[in-house]
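Remarks on the overall topology
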Amino acid sequence: MDPTLSDLDVVAQPRQQADLPTHQLPNQYVLMEKVSEGGMGSIYKAQNRFTGAEFAIKLLRPEFANDERAAQRFAFEAKSAMSLRHPNICRVHDFGLTEAKVPYLVMDWVNGISLGSKILRDRRLPIKEAIRLYQQTASALAHAHQSKLVHRDLKPENLMLSRDAEGRSEVQLVDFGIAKSLDAEDGLQAAALTKTGLIVGTPVYMSPEQARAEQVDGRTDIYSLACVIFFALTGRPPFLGPTVVDTITKHLIEAPPDFNPSLKVPSDLQKIIYKSLEKDPCQRYNTMEEVLADLMKLTAGVSLNHKPLSRDRQRVRSRLTLLVWFTLGFITMYAISIGLQTLMGDGGGDSGLTKNNKAAPTNHPSTKRS
Ligand SMILES: Nc1ncnc2c1ncn2[C@@H]1O[C@H](COP(=O)(O)OP(=O)(O)O)[C@@H](O)[C@H]1O
Ligand SMILES: [Mg+2]
């Protein structure tokens, strides 16, 4: 007789932990521990009871269980992520409803930490590692964009870092929770799901057009990814104010800061980042493939040939303005000094005239007569 599942060895037993949800997941999954609690969902480490394979399970928080829109958003996240296959995008395997009708999704367990935690621990990434991470994430996003999905929530907490066979860090992009479909029909549906303001991006990494709630496309991810890489290289995001409004204002009007020269960030890498951080999406790269192509050139040692960036143009403009003011100032000072000299010279003439005038009476006929 064939063995039934109940005859198989059970390799994973549930732990008795107070904060593990009581709603029933399919029998094969055992929740091991809670790893994160976000705005809409909680993430648990789980194991297949029979094979021991590890998964991450995201469950919609029970308070949203009766929120139709939140449930649809959650399903949209699952559908979006399941449509993607890329070595740097965390695989989502399954989506379903628990017995208590709570939506959940099952994804690969990433054995590692988020970029956010890593920077908190190590302060910043070595340049080589940051470039590698930049390439991998750009490649993952290029794939998502080809599938007409814009992530819209790139931040260090959504880049999980694991290790490859050679021990090098490898990105796994997670959280398509507020992804936007550029597909006309899906897009309309997704727009309706985010209309309530229930879901927002993260201001620190948000593009200017996203902050203005304008239409966005893949170029918003190009901007946000550059903010994340700036953060990875320096330990500080490029735009950070004391309040959300200050931070957003900086995204809208402030030029990105310089890299500290002591970090020795290669100038071509800086160019890629600054071009991606252009305020106007039309001044950025058009596609993530273009970013990737420049990153490839960078690693191959081929120098980049960019048009001047707006921050350079601004600098040239302000230097020119300074030069014009300096020249005008110089000319004015020169003119004044010439004027003064003339005046003083003329003043001498005047006294001469006065002398002449004083002398005049001696030549006056009446004087002669007397
Ligand atoms: N597949 C995974 N493997 C391991 N940890 C994960 C995984 N997915 C998410 N996490 C952890 O959970 C956190 C939140 O996950 P995320 O999908 O971003 O949910 P949220 O919508 O709450 O932001 C991540 O920052 C990461 O620390
Ligand atoms: Mg997240």
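Remember, predicted model here, so these are calculated numbers, not experimental data.

1. Here's the deal with the overall build of the protein chain
Helix and strand content of the protein chain: 11 helices and 10 strands. Expressed as a percentage of its 370 residues, the buried residues of the protein chain come to 33%. Counted over contacts in the protein chain with a minimum sequence separation of 6, partners at least 24 positions apart contribute 63%.

2. Quick look at the sheet that holds strand β2 (residues 41–48)
The strand order across the open sheet built from five strands is β1-β2-β3-β5-β4, with neighbouring strands paired in antiparallel fashion. In this open sheet, the two strands that pair with only one neighbour each are β1 (29–37) and β4 (92–97). Put simply, the sheet's adjacent strands are angled 25° from each other on average, direction ignored. Sheet topology places strand β3 (residues 54–60) next to strand β5 (residues 103–108); five bridges connect them, and they run antiparallel. Directly across from F55, in β5, lies its bridge partner D108. Most of the contacts of helix α1 (residues 68–82) go to β4, to which it runs at about 155°, and overall it touches β2, β3, β4 and β5.

3. Some details on the nonpolar core
The tendency in soluble globular proteins is for nonpolar side chains to be buried side by side. Judged by nonpolar contacts, the single largest core of 74 residues is most densely connected at I57, A226, V228, I229 and A232. Element by element, the count of residues in this core is highest for helix α6 (residues 218–234), at 11 residues. There are two domains that each give this core at least three residues, and those are domain 1 (29–108) and domain 2 (114–314). Leaving out residues up to four positions away in the same chain, I229 has contacts with A130, Y134 and I273.

4. Topic: the site of ligand 1
Around ligand 1, the structure places 20 residues, and the nearest of them are S36, G38, A56, V110 and D175. Grouping the constituent residues of the shell around ligand 1 by class yields 10 nonpolar, six polar and four charged. Structurally, the shell around ligand 1 is a two-domain feature, drawing no fewer than three residues from each of domain 1 (29–108) and domain 2 (114–314).

5. A few points about unusual backbone geometry
The phi angle of most residues is negative, glycine excepted, and most peptide bonds adopt the trans form. The phi dihedral of K101 falls on the positive side, at around 65°, and the residue is not glycine. Assignment of secondary structure puts K101 in the loop between β4 and β5. A count of 11 C-beta atoms within 10 Å places K101 in the exposed class. One non-glycine residue, A213, lies in positive phi territory at about 60°. Residue placement: A213 occurs in the loop between α5 (208–211) and α6.

6. Notes on helix α9 (residues 288–300)
Counted at 1.5 Å a residue, the expected span for α9 with its 13 residues is 18 Å, and the 18 Å between its end C-alpha atoms agrees. Where α9 is concerned, the buried positions are M288, V291, D294 and L295. Take α9 and look down its axis: the buried residues cluster within an arc of 120°, on one side only. Close packing links the buried residues of α9 with α3 (127–146), α6 and α8 (267–276).

7. Brief notes about the pairing of β5
The element β5 is largely enclosed, with a buried count of five among its six residues. Note that β4 and β5 share five bridges and pair antiparallel. Paired with F95 across the two strands is L105, which belongs to β5. The hairpin turn running from β4 into β5, its antiparallel successor, is five residues long, and K101 in that turn takes a positive phi close to 65°.

8. As for the packing of α8 against α9
Between α8 and α9, the shortest axis-to-axis distance is 10 Å and the interhelical angle comes to 170°. Of the possible angle classes, the one that applies to α8 and α9 is roughly antiparallel. Listed contacts from α9 to D268, L269, I272 and S276 of α8 are V291, D294, L295 and L298. Here the residues of the contact of α8 with α9 sort into five nonpolar, one polar and two charged.

9. Re the sheet that holds strand β6 (residues 113–114)
Pairing in this open sheet of three strands is antiparallel, and the strands run β6-β8-β9 from one edge to the other. Whereas interior strands pair on both sides, the edge strands pair on one side only; in this sheet they are β6 and β9 (169–173). Taken together, the two bridges between β6 and strand β8 (residues 159–163) define a ladder with antiparallel strand orientation. Across the sheet, residue S114 finds its bridge partner in β8, namely M160. In the packing of α3 onto the sheet, contacts are made with β8 and β9, and the angle to β9 comes to roughly 30°.

10. Some details on the pairing of β8
Here β8 pairs with β9 via five bridges, running antiparallel. Bridge assignment links M160 to a residue of β9, and that residue is Q172. Counting the residues in the hairpin turn of β8 and β9 gives five residues, including G167, whose phi is positive at 85°.

11. Comments concerning the confidence of the model for the protein chain
Here the protein chain averages 84 in pLDDT, and 81% of its residues register 70 or above. Taken element by element, the predicted model of the protein chain shows its lowest mean pLDDT in helix α11 (residues 365–369) (43) and its highest in α6 (98). The model gives residues 348–370 a pLDDT under 50, and that stretch makes two contacts with residues more than four places away or in other chains.

Reading guide: rules and limits
- Residues numbered from 1 in each chain as written.
- Chains lettered and ligands numbered in written order.
- Predicted model: local features only at pLDDT ≥ 70, side-chain atom pairs only at ≥ 80, totals over all residues.
- Helix = DSSP H or I, 4+ residues; strand = E, 2+ residues; numbered from the N terminus.
- Buried ≥ 20, exposed ≤ 12 C-beta atoms within 10 Å, placed from the backbone.
- Contact = placed C-beta atoms within 7 Å.
- Pairing = 2+ DSSP bridges.
- Axes fitted to C-alpha atoms, helices over the stretch in contact; angles between N-to-C directions.
- Core = buried A, V, L, I, M, F, W, Y, C linked by C-beta atoms within 7 Å.
- Domains from an automatic or database assignment.
- Near = placed C-beta within 6 Å.
- Nonpolar A, V, L, I, M, F, W, Y, C, P; charged D, E, K, R; others polar.
- Expected span 1.5 Å × (residues − 1).
- Arc of directions from axis to C-beta.
- Parallel < 35°, antiparallel > 145°, perpendicular 65-115°, else oblique.
- pLDDT = per-residue confidence, 0-100.

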